[in-house]
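Chain by chain, the residues:
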Amino acid sequence: MKGTRLLLRDLNLEGGELLLLEYCGDFDFVVYVIGVDGCELYYPRVLHEFQGGRPRNVLIRGGGVKFVKRLHTSDGLVDSIDPPVSFLKKFGSIIPSEFEYVVSDGRKLLGSYYMATREFSGLQSVWEMLGFELLNSFHILVFTYDGGHCIHVDVFDNELVEKFGDKVCRGASSSVPPEVDRFEICVQPFHMLRYNYGVDVTSTFKNLRSFWGRRDHITVFDGSRSWKLQIRKRGNCIQTTINDGWVNFRDDLGLKVGDIVKFETIDDDVYKFVFQVEDGSSSSTT
């Protein structure tokens, strides 16, 4: 990877910070910078020399704010952690006493925040659900608070690569019940706008939506052609939309208002789909 020197210079990093890279498909990464205290930085509004517009403010409701906890073998499988002081100074007063931990496949478990001790608890249930029995299975925990009642937990191993757990089988047929193998979208006038503001995956398909993470991607196929569509969960982790990739998908297929696009999983993989487009009462594979 090249170009990191410019990034470090623009952000005025001194060393000891952690760069967290999230792959978004194609040639795009989102880079998060975790400070030496374990809390995501307040990014300076610096215009990078290759940027065409001003950088935006990072808001808690625009994707959440992250903090990191490094674990050691001597810690064992901890049930509670203490967030960084800088994180609690900003958000400690709005974190609810009870919230939901959300893991990468969308499953949720109850957690608690004790203001007196300034600790998050309930992590033991997360490890049991993910199938982690030994601490050496992972090394770093990344928590993302969305400003509401959800705290997302991502687990990274000793090689600093995201780990999904022994019981999380992304794409394994045994993990996907038959009632979550499809969803559909009825094309609306606002789906035809030049800029995409999100295409809702309705609550009818909430069981399928629960398998997707807060920011995820699915791939849809038509013969030798394929499109990568970004999945976003907003607000209270319930509203689910298709964002990046929709405009290209729509235009390539020549979709029009009233068309119904029916997606169906490939081999019960909730990240890979084939589809049909229905025009009125007729249905034809596209």
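Residues numbered from 1 in each chain as written. Predicted model: local features only at pLDDT ≥ 70, side-chain atom pairs only at ≥ 80, totals over all residues. Heavy atoms only, no water.

A.B. asks: Can you explain the overall build of the protein chain? Please cite residues and give values.
C.D. replies: For the protein chain, the count of helices and strands is five helices and 18 strands. Considering the protein chain as a whole, with its 286 residues, one finds that 45% of them fall into the buried category. Contacts in the protein chain between residues far apart in sequence, at least 24 positions, make up 55% of those at least 6 positions apart. (Helix = DSSP H or I, 4+ residues; strand = E, 2+ residues; numbered from the N terminus. Buried < 20%, exposed > 50% of the residue type's maximum accessible area, 1.4 Å probe, protein only. Contact = heavy atoms within 4.5 Å.)

A.B. asks: Let's hear about unusual backbone geometry: which residues, and what values?
C.D. replies: For residues besides glycine, phi is generally negative; the peptide bonds are generally trans as well. The phi dihedral of N12 is positive, around 55°, even though this residue is not glycine. Structurally, N12 can be placed in the loop between α1 (4-10) and β1 (18-23). Judged by relative accessible area, which is 61%, N12 ranks as exposed. One non-glycine residue with positive phi stands out, namely R118, at about 60°. Structurally, the position occupied by R118 is in the loop between β6 (108-114) and β7 (119-121).

A.B. asks: A description of the pairing of strand β14 (residues 225-234) should follow, citing residues and the corresponding values.
C.D. replies: The pairing of strand β13 (residues 215-222) with β14 spans eight bridges and is antiparallel. Within the sheet, the bridge partner assigned to H217 lies in β14 and is Q230. Here β13 hands over to β14 after two residues, with G223 in that stretch at a positive phi of 60°. (Pairing = 2+ DSSP bridges.)

A.B. asks: Account for the side chain of T219, naming residues and giving values.
C.D. replies: Examined against the element boundaries, T219 turns out to sit in strand β13. Of the residues examined, T219 reaches a relative accessible area of 16% and is grouped as buried. Here the side chain of T219 touches K228 through a polar contact of 3.5 Å, side chain to side chain. When neighbours within four sequence positions are excluded, T219 is seen to be in contact with S226, W227, K228, Y271, K272 and F273. (Polar contact = N/O pair within 3.5 Å; in protein donor to acceptor, adjacent residues only side chain to side chain.)

A.B. asks: I'd love a proper account of the pattern of salt bridges, names of residues and values included.
C.D. replies: Applying the stated criterion across every chain yields a total of nine salt bridges. Among the ionic pairs, R215 bridges to E22, the shortest N-O distance being 3.5 Å. A residue pair is termed long-range when its members are at least 10 positions apart, and R215 in strand β13 and E22 in strand β1 qualify at 193 residues. The pair formed by R215 and E22 is uniform in burial state, with each residue classed as buried. The salt bridge partner of R182 is E264, with a shortest N-O separation of 3.7 Å. Residue R182 is located in strand β11 (residues 182-186), and its partner E264 is located in strand β16 (residues 260-266); the two are separated by 82 residues in the primary sequence. Residue class for E264 comes out partly exposed when judged on its relative accessible area of 39%. (Salt bridge = Lys/Arg side-chain N within 4 Å of Asp/Glu carboxyl O.)

A.B. asks: For a nonpolar patch on the surface, give the residues involved together with the corresponding values.
C.D. replies: Where nonpolar side chains cluster on the molecular surface, the patch consists of M1, L8, L19, L21, Y23, F29 and V31 and spans about 680 Å² of accessible area. At the level of elements, β1 and β2 (29-34) are the ones that each hand at least two residues to the nonpolar patch. Ranked by residue count, the leading element in the nonpolar patch is β1, at three residues. Looking at the secondary structure, you find V31 in strand β2. With relative accessibility at 34%, the residue V31 sits in the partly exposed group. (Patch = residues over 30% accessible without salt bridge, like charges linked within 9 Å, V, L, I, M, F, W, Y side chains within 5 Å. Areas by Shrake-Rupley, 256 points an atom, 1.4 Å probe, with all protein chains shown as cover.)

A.B. asks: Can you tell me about the packing of aromatic side chains, naming the residues and giving the values?
C.D. replies: Here the distance between the centres and the angle between the planes together describe a pair of aromatic rings. A full pass over the atoms with the stated rule returns 19 aromatic pairs. Taking the centre distance of 5.3 Å and the plane angle of 75° together, the rings of F249 and F275 count as edge-to-face. Here F249 is found in helix α5 (residues 246-253), whereas its partner F275 is found in strand β17 (residues 269-279), with 26 residues between them in sequence. In terms of burial, F249 and F275 fall into one category: buried. A connected cluster of aromatic rings, assembled from ring pairs, spans F67, F87, F91, F99, Y101, Y113, F120, F143 and Y145. (Phe/Tyr/Trp six-rings, centres within 6.5 Å; stacked < 30°, edge-to-face > 60°.)

A.B. asks: Can you explain the pairing of strand β3 (residues 65-70)? Please cite residues and give values.
C.D. replies: Counting buried positions along β3 gives five out of six residues, so the element sits mostly inside the fold. With six bridges connecting them, β3 and strand β8 (residues 140-145) associate as antiparallel partners. Along β8, the bridge assignment pairs V65 with Y145.

A.B. asks: Kindly report on the confidence of the model for the protein chain, identifying the contributing residues and their values.
C.D. replies: Per-residue pLDDT for the protein chain averages 79, and the proportion of residues at 70 or more is 78%. At the level of individual helices and strands, the protein chain shows its lowest average pLDDT in strand β18 (residues 282-285), which scores 47, and its highest in β7, which scores 94. Across residues 166-178 the pLDDT falls below 50, and counting only partners more than four positions away or on other chains, this stretch makes 26 contacts in the model. (pLDDT = per-residue confidence, 0-100.)

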